[in-house]
Structures are given as structure tokens and as C-alpha cells.
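Next come the chains, spelled out residue by residue.
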Amino acid sequence: EYTFPASLPASESQGSATSKKQRVRKPRQKVTTMEKVYVTPTENDVLLGRGGRSNHHIGNKRYREEVKNLRTWYLSIGDNKEEKTELSQCL
């Protein structure tokens, strides 16, 4: 006949769940700017974001046109990563 072992102490029966230590994190420093500067986008700027304002901005239209013009050249490069990188950086 089999006899069950006596109960383990509470600290052993919990396993590794209670033995894991919580990490103490340092509080983050607040980054404050002295003065907010607002700029007006020009026709040479490319605006980030979604929606009509960035889609219809003249700089974004020019950028999309340049991408369209360089697409065939980019695809003709093949697997040459260095040349593809150079092309995308000059854009």
C-alpha cells in the first residue's frame, strides 16, 4: 500500500512563482522643452501622417512623383543591395 508524503511547508509548495524577485525600476526623468517652436511646412517638405493634409501637400506629391520615376531603375538593379541603398538615399 502507498502512503502520501506529508504536506510541504508553504514556501516549498508554491514553487518558483513566489521566489521570483520584482525588478525595482528607477523613476524616469521628465523631459521638458523650454519653448515649443512651430514651423510652417513649405513645398520642399514631406509631411508624415495619414489623411488629406499629408496626401495633398505639394511636397508629398513631388516625393511620390520622384518615387514613381525611379521605380523602374530600382527594379532593374536586381539583388545589388549597395546600389539600391545608394539610390534610396539619394531620393
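About the criteria used
Residues numbered from 1 in each chain as written. Predicted model: local features only at pLDDT ≥ 70, side-chain atom pairs only at ≥ 80, totals over all residues. Heavy atoms only, no water. Buried < 20%, exposed > 50% of the residue type's maximum accessible area, 1.4 Å probe, protein only. Helix = DSSP H or I, 4+ residues; strand = E, 2+ residues; numbered from the N terminus. Polar contact = N/O pair within 3.5 Å; in protein donor to acceptor, adjacent residues only side chain to side chain. Expected span 1.5 Å × (residues − 1). Bend = angle between axes of the 7 residues up to and from the residue. Contact = heavy atoms within 4.5 Å. pLDDT = per-residue confidence, 0-100. Patch = residues over 30% accessible without salt bridge, like charges linked within 9 Å, V, L, I, M, F, W, Y side chains within 5 Å. Areas by Shrake-Rupley, 256 points an atom, 1.4 Å probe, with all protein chains shown as cover. Salt bridge = Lys/Arg side-chain N within 4 Å of Asp/Glu carboxyl O.

**A word on helix α4 (residues 81-90)**
Alright, step 1. Of all 10 residues that make up α4, one are buried, and the element is exposed over most of its length.
Alright, step 2. The opening residue of α4 is N80, an N-cap whose side-chain oxygen sits 3.3 Å from the backbone nitrogen of E82.

**A look at helix α3 (residues 58-77)**
Alright, step 1. Spanning 20 residues, α3 covers 29 Å between terminal C-alpha atoms, matching the ideal 28 Å at 1.5 Å per step.
Alright, step 2. A maximum bend of about 40° is found in α3 at L70.
Alright, step 3. Within the sequence span of α3, burial applies to G59, N60 and I77.
Alright, step 4. Packing partners of the buried residues in α3 comprise α2 (52-55) and α4.

**Focus on the confidence of the model for the protein**
Alright, step 1. Residues of the protein with pLDDT of at least 70 account for 80%, and the chain-wide mean is 82.
Alright, step 2. Mean pLDDT in the protein bottoms out at helix α1 (residues 10-13), which sits at 51, and peaks at α3, which reaches 92.

**Let's talk about a nonpolar patch on the surface**
Alright, step 1. Nonpolar side chains collect at one region of the surface, where V46, Y63, V67 and L91 lie side by side and expose about 320 Å² of accessible area between them.
Alright, step 2. On the secondary structure map, V67 appears in helix α3.
Alright, step 3. Residue V67 is classed as partly exposed on the basis of its relative accessible area, which comes to 35%.

**A few points about the environment of S76**
Alright, step 1. Looking at where S76 falls in the secondary structure, it is placed in helix α3.
Alright, step 2. Residue class for S76 comes out exposed when judged on its relative accessible area of 54%.
Alright, step 3. Within polar-contact distance, the side chain of S76 engages the backbone oxygen of W73 at 2.7 Å.

**Details of the side chain of N60**
Alright, step 1. Residue position: N60 is located in helix α3.
Alright, step 2. A polar atom in the side chain of N60 sits 2.7 Å from the backbone nitrogen of L47.
Alright, step 3. Residues contacting N60, with those up to four places away along its chain left out, are D45, V46, L47 and S54.

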